[in-house]
Amino acid sequence: TFDDGPSATTESVLDTLKAEGVPATFFVMAADNNEEYLPLLERTVQEGHLIALHTCSHDYKSIYKSSDAYWDDLQKLREKLLPYVPADHEIKWLRFPGGSSNTVSAHSYVGLMSLLTRAVQDAGFQYFDWNVDSNDAGGAKKAQTVFNNVTAGVSQNRVSVVLQHDIHDFSVDAVEDIIVWGLNNGYSFERLTENSPGVHHGVQN
Ligand code: ZN
């Protein structure tokens with residue numbers, strides 16, 4: 001799974017996925033700094049990947065101010081995606097910014113994630129966290145580190161939901177090696193489906 005795109009590096013990851021014949025899931029955003037890349041979503045869908053919701057602004061302070069603020073942001077994102085995602089590509093999957101275990105929301109609204117994790121499911125969405133973090137939004141700054149984190153994190157005993165961000169060149173540069181390693185070690189790659197485990201983090205707020 002790739003978060004925070006589409007961006008200037010999304011085409012590169014799409015090229016790699018296409019060359020390897022591997023589908024992925026993209027939890028997208030649509031803020032001022034990436035809106036120009038939204039047309040890439042058409043290609044993303046055409047090539048068999050899943051578009052899922054992340055956030056419009058990715059501004060924690062405004063998104064997690066209240067339940068209404070969260071829904072406003074999500075609705076804004078859905079509207080911005082409409083021109084680029086075919087109507088039959090159902091978008092009912094989402095990933096909370098910072099994951100469902102985030103505690104940034106506690107600064108403005110105690111109990112907000114408990115409320116939202118229930119509310120999104122009541123509204124017919126499924127939310128996905130992850131169980132393998134490439135750490136490309138944290139300490140990893142090189143493709144080799146991303147590769148090491150992902151290959152050390154996956155397990156043959158469960159479905160691995162890998163978190164990467166298609167906004168970092170070094171992370172996207174690791175994708176091909178990760179796929180080759182995975183295929184050589186008995187793994188297969190799938191986009192998320194209704195039957196995928198949600199891999200929910202423990203809600204902490
Ligand atoms: Zn994000």
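First, a word on what this report is: a plain description of the structure on this page.

Procedures and definitions
- Residues numbered from 1 in each chain as written.
- Predicted model: local features only at pLDDT ≥ 70, side-chain atom pairs only at ≥ 80, totals over all residues.
- Heavy atoms only, no water.
- Donors = N, O, S within 2.8 Å, 3.2 Å for Na, K, Ca; no water.
- Helix = DSSP H or I, 4+ residues; strand = E, 2+ residues; numbered from the N terminus.
- Buried < 20%, exposed > 50% of the residue type's maximum accessible area, 1.4 Å probe, protein only.
- Salt bridge = Lys/Arg side-chain N within 4 Å of Asp/Glu carboxyl O.

Moving on: the coordination of the zinc ion. For the zinc ion, the full set of protein donor atoms is Asp-4 (OD), His-54 (NE2) and His-58 (NE2), and the range of their distances to it is 2.1 to 2.2 Å. Counting the intervening residues between successive donors of the zinc ion yields the motif D-x49-H-x3-H. Taken together, the residues Asp-4 in the loop between strand 1 (2-3) and helix 1 (10-20) and His-58 in the loop between strand 3 (50-55) and helix 3 (60-63) connect sequence positions 54 residues apart. With respect to class, Asp-4 is no different from His-58; both count as buried.

So, about the pattern of salt bridges. As enumerated under the stated definition, the model contains seven salt bridges in all. Two residues, Glu-47 and Arg-43, come together in a salt bridge whose shortest N-O distance is 2.8 Å. Glu-47 gets classed as partly exposed once you look at its relative accessible area, which sits at 25%. As a salt-bridge pair, Glu-194 and Lys-92 come within 3.6 Å of each other at their nearest N and O atoms. Of this pair, Glu-194 sits in the segment after helix 8 (175-184) while Lys-92 is found in the loop between helix 4 (67-81) and strand 4 (93-94), placing the two residues 102 residues apart along the sequence. Here the salt bridges do not stand alone but share partners, grouping Glu-11, Asp-15, Lys-18, Arg-43 and Glu-47 into one network.

That bond from Gly-5 to Pro-6 is cis: its omega, -5°, falls within 30 degrees of zero. Mapped onto the elements of the fold, Pro-6 is located in the loop between strand 1 and helix 1. Residues other than glycine seldom take positive phi values, yet Asp-4 does so here, at roughly 80°. Located in the positive-phi region is His-58, a residue other than glycine, with phi close to 55°.

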